[in-house]
Amino acid sequence: MSAPNYEALSVEAAAVVRQQTAWERVRASASVRFGAIALAVLIGIAIAAPWLGTVDPALFDAGSRDLLPGKSGEITTLEGETVQHTFLLGSDSFGRDIYSRVIYGTRISLAVGVGAATLSLILGVLLGLTSGYVRWLDGVLMRVMDGVMAIPAILIAIALVAAWRGGLLTVIVAIAVPEIPRVTRLVRALVLTIREEPYVEAAIALGTPTRKIMFSHILPNTAAPLIVQATFNCASAILVEAILSFLGVGLPPDIPTWGNIMAEGRVQFVEYPHNVFFPGIFLALTVLAVNILGDGLRDTLDPKMAKRV
Amino acid sequence: MYAFLARRLLATIPVLLVVAVLVFLMLRLTPGDPAAILAGDAANTEQIAQIRANLGLDRPIVVQFGIWAGNLLAGDLGESFYYKQKVTALIGQRLEPTLSLATLTIVIAVLVSVPLGVIAAWRFGSAFDRGLMAFSVMGFSIPVFVLAYILIWFVSLKLGLLPVQGYQRFAEGIGPWLRHLLLPSITLSVIYVALIARVTRASVLDSLGEDYIRTARAKGLPELRVLVRHALANAAVPIVTVIGIGIALLIGGVVVTESVYAIPGLGRLTVDAVLARDFPTIQGVILFFSFVYVLINLAVDLSYVFLDPRIRY
């Protein structure tokens, strides 16, 4: 028998004494790293879109219609000049550069994803805090949330966009609305648990104003599950935006969104399948990155929730 | 049991009422004259005035809701000015393709996902298990219409196995019906497989840790019987629950899938109605889908009694 490895033992003991902080666990997670890096790259693409060898996504040239990927052709600039351009991912039936449109489409998808997730988070938190703290409003609010949840999310978004007509802000709001109830329920459930904690009772006993208890004692303790929920909301918002555009009920067709590019490409899908596939690949990879990030955050930040799923 | 049934049915009424109010408000919150919007872009002044009088649009909003809800209870969802017929009749015509697509999707999804989930739980931590979990994340991430086009391209265009799109009525023979529905159903079932397999795995994993599994194995029961009769049977409640909740996802998927595969069902009707700004139809279809969703989940709740004899209401 060999001598016990004291060094290893002491490391184990130290690990028991000093638990990893949530932030350390998050940073160590492979899923979080992968998702965060992929997302950072996408954000980089969105910001740097004009400098990535793209042309204005609205530019077209009648002579460069339906080019295959990699083909060179001409494109007319806004000043009316005709310049030589390589269509990396081919061109659509108007002679627009698919590559430029897909790259610029990143901006819309990320804006909608982040915008809708933030909006649903803010409104959900306000409603959830109200519901968990103002007991007489709870019944009514929760019944309304049940009602919203009973209508399939895409239908709410479609109906709201139809009612308000398209525009980036409209689309963001329409997509955020069906995501609110899940946040509200989550916050409400957390508030109901947290308000029984000794430190909240102590704060109440000390005569701390309700608003201060809500925002500085209860809200910070709901952060972890909320971040996780917001990430998943972001992924589903990106998907729903693409679906709305694809169905022709989202943003106007002249705006380059992945859904719009696919909707235009589907008409000639048999001859030019790449017009559908390239934006589709970008869309799927983006949603995948956000979902993997969400999975990683859930496993590290919110172990209770991780066990439930 | 009957008392529970009555209570559960009564509890459904407020939800349906809230859904009705929300769908009603959706149109009233729209900027502009609701009568003009309901009539559509092609209507003349007389038709608009007619609608205003019929729906009491010059009266207080509560009265308006009363009139609307009264019509609803009488089975009248209004008239589509775009299709020039009753919305209920429209929904009736479009029901078969959607019902076929949804049913076939659920059948495929359950037949595929439940065995996968059980095997993953049985071989927890194995390559199969990790593979299924990875597939599950991808299944959630790949948009239905992207998947649809990949399958059309490969199965229909490259291999020429199945029709690219379209629908054949069930009455015209089960063969053509199935051939047209197979690809859309497979497309739609992927996200459902991802969802159900995940929950099946977690739920079976839980029950595999119970004492009765050890007892069953100690008795010398064959492993398959232990897995199905003991582990899966005890894990059934969460699985059925997620199938019920997943109906919302399925309805969203139907809208997209019918559009891609040119299936003349309720999903296609929804999109056409939105493009035509045909509000009576939009409202009708949303109400119909939501009521179906609520009622299916009611049925799911009631099924617990049969799935788990320990549950007594």
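Definitions and cut-offs
Residues numbered from 1 in each chain as written. Chains lettered and ligands numbered in written order. Predicted model: local features only at pLDDT ≥ 70, side-chain atom pairs only at ≥ 80, totals over all residues. Heavy atoms only, no water. Helix = DSSP H or I, 4+ residues; strand = E, 2+ residues; numbered from the N terminus. Buried < 20%, exposed > 50% of the residue type's maximum accessible area, 1.4 Å probe, protein only. Contact = heavy atoms within 4.5 Å. Areas by Shrake-Rupley, 256 points an atom, 1.4 Å probe, with all protein chains shown as cover. Patch = residues over 30% accessible without salt bridge, like charges linked within 9 Å, V, L, I, M, F, W, Y side chains within 5 Å. Salt bridge = Lys/Arg side-chain N within 4 Å of Asp/Glu carboxyl O. Phe/Tyr/Trp six-rings, centres within 6.5 Å; stacked < 30°, edge-to-face > 60°. Lys NZ or Arg CZ within 6 Å of the ring centre and 35° of its normal. Core = buried A, V, L, I, M, F, W, Y, C linked by side-chain atoms within 4.5 Å. Axes fitted to C-alpha atoms, helices over the stretch in contact; angles between N-to-C directions. Left-handed = near helix turned anticlockwise from the far one by under 90°. Nonpolar A, V, L, I, M, F, W, Y, C, P; charged D, E, K, R; others polar.

Moving on to the overall build of chain A. Assigned secondary structure in chain A consists of 14 helices and two strands. Residues counted as buried form 51% of the 309 residues belonging to chain A. Of the contacts made within chain A by residues no fewer than 6 positions apart, 67% connect residues no fewer than 24 positions apart. Surface accessibility of chain A: about 14,500 Å² in total, with carbon and sulfur atoms responsible for 66%.

Attention now moves to the overall build of chain B. Within chain B one finds 13 helices and two strands. Judged by the C-alpha coordinates and their principal axes, chain B covers about 80 × 55 × 35 Å. For chain B, restricting intrachain contacts to residue pairs at least 6 apart in sequence, the fraction spanning at least 24 positions comes to 69%. Accessible surface for chain B amounts to roughly 14,500 Å². Of this, 68% is attributable to carbon and sulfur atoms.

With that out of the way, let us pick up a nonpolar patch on the surface. Residue and element names in this part refer to chain A. Judged by side-chain polarity, Ile122, Leu123, Leu126 and Phe215 come together as a nonpolar surface patch covering roughly 340 Å² of accessible area. Mapping isoleucine 122 onto the fold places it in helix H4 (residues 98-133). Look at isoleucine 122 and you get partly exposed, because its relative accessible area is 47%.

All right, on to unusual backbone geometry then. Backbone phi values are negative for most residues with the exception of glycine, while trans is the configuration of most peptide bonds. All names here are of chain B. One non-glycine residue, lysine 84, adopts positive backbone phi at about 55°. On the secondary structure map, lysine 84 appears in the loop between strand E1 (79-80) and strand E2 (85-86). Residue classification places lysine 84 among the exposed positions, given a relative accessible area of 61%.

For the rest of this paragraph, the subject is the environment of Phe291(B). Residue and element names in this part refer to chain B. Among the structural elements, phenylalanine 291 can be located in helix H13 (residues 279-307). Exposure remark for phenylalanine 291: the relative accessible area of 24% places this residue in the partly exposed category. When the C-alpha atoms of phenylalanine 291 and alanine 120 are compared, they prove to be 35 Å apart, with 171 residues separating the residues in sequence. With sequence-adjacent residues up to four places away left out, phenylalanine 291 is seen in contact with Leu16 and Val19.

Time to look at the pattern of salt bridges. For the structure on display, the rule yields 15 salt bridges over all chains. Note that Arg198(B) is salt-bridged to Asp295(A), the shortest N-O span being 3.5 Å. Highlighted residues: Arg198(B) in helix H8 (residues 174-208) and Asp295(A) in helix H13 (residues 274-301), drawn from two different chains. Pair check on accessibility: Arg198(B) and Asp295(A) agree, each one buried. By sharing partners, the salt bridges in this structure join Asp295(A), Arg298(A), Asp299(A) and Arg198(B) into a single network.

Okay, the packing of aromatic side chains next. Tallied over the entire structure, the rule returns eight aromatic pairs over all chains. A ring pair is formed by Phe24(B) and Phe65(B), whose centres lie 5.1 Å apart and whose planes are at 75°; its orientation type is edge-to-face. Linking Phe24(B) in helix H1 (residues 2-28) with Phe65(B) in helix H4 (residues 61-73), this pair joins segments that are 41 residues apart in sequence. Exposure class is identical for Phe24(B) and Phe65(B). Each is buried. In this arrangement the basic side chain of Arg195(A) is found over the ring face of Tyr133(A), its NZ or CZ atom lying 5.0 Å from the centre. Here the guanidinium or amino end of Arg123(B) rests over the ring plane of Trp122(B), the centre of that ring lying 3.9 Å away.

Formed by 148 residues in total, the largest nonpolar core has its most connected members in Leu244(A), Phe145(B) and Val260(B). The element best represented in this core is helix H11 (residues 223-247) of chain A, accounting for 13 residues. Each residue touching Phe145(B), except ones within four places of it in the same chain, is listed here: Ala242(A), Ile243(A), Phe246(A), Met262(A), Leu283(A), Val256(B) and Val260(B). Core analysis: the second largest hydrophobic core is formed by 15 residues, Val125(A), Val183(A), Leu190(A) and Val191(A) among them.

Residue and element names in this part refer to chain A. Residue position: histidine 217 is located in helix H10 (residues 210-218). Histidine 217 gets classed as partly exposed once you look at its relative accessible area, which sits at 25%. In this structure the C-alpha to C-alpha distance between histidine 217 and leucine 247, which are 30 residues apart in sequence, comes to 45 Å. Beyond its immediate stretch of four places on either side in the chain, histidine 217 contacts Tyr199, Ala203, Thr208 and Lys212.

Before going further, it helps to examine the packing of helix H5 (residues 135-150) of chain A against helix H8 (residues 180-194) of chain A. Residues and elements named next belong to chain A. Orientation of H5 relative to H8, taken along the N-to-C sense of each, is 145°, at an axis distance of 9 Å. Seen from above, H5 lies across H8 with left-handed handedness. When H5 is examined against H8, the residues Arg135, Asp138, Met142, Met145, Asp146, Val148 and Met149 are found in contact with a partner set consisting of Ile180, Pro181, Arg182, Thr184, Arg185, Arg188 and Leu192. Here the residues of the contact of H5 with H8 are counted per class, giving seven nonpolar, one polar and six charged.

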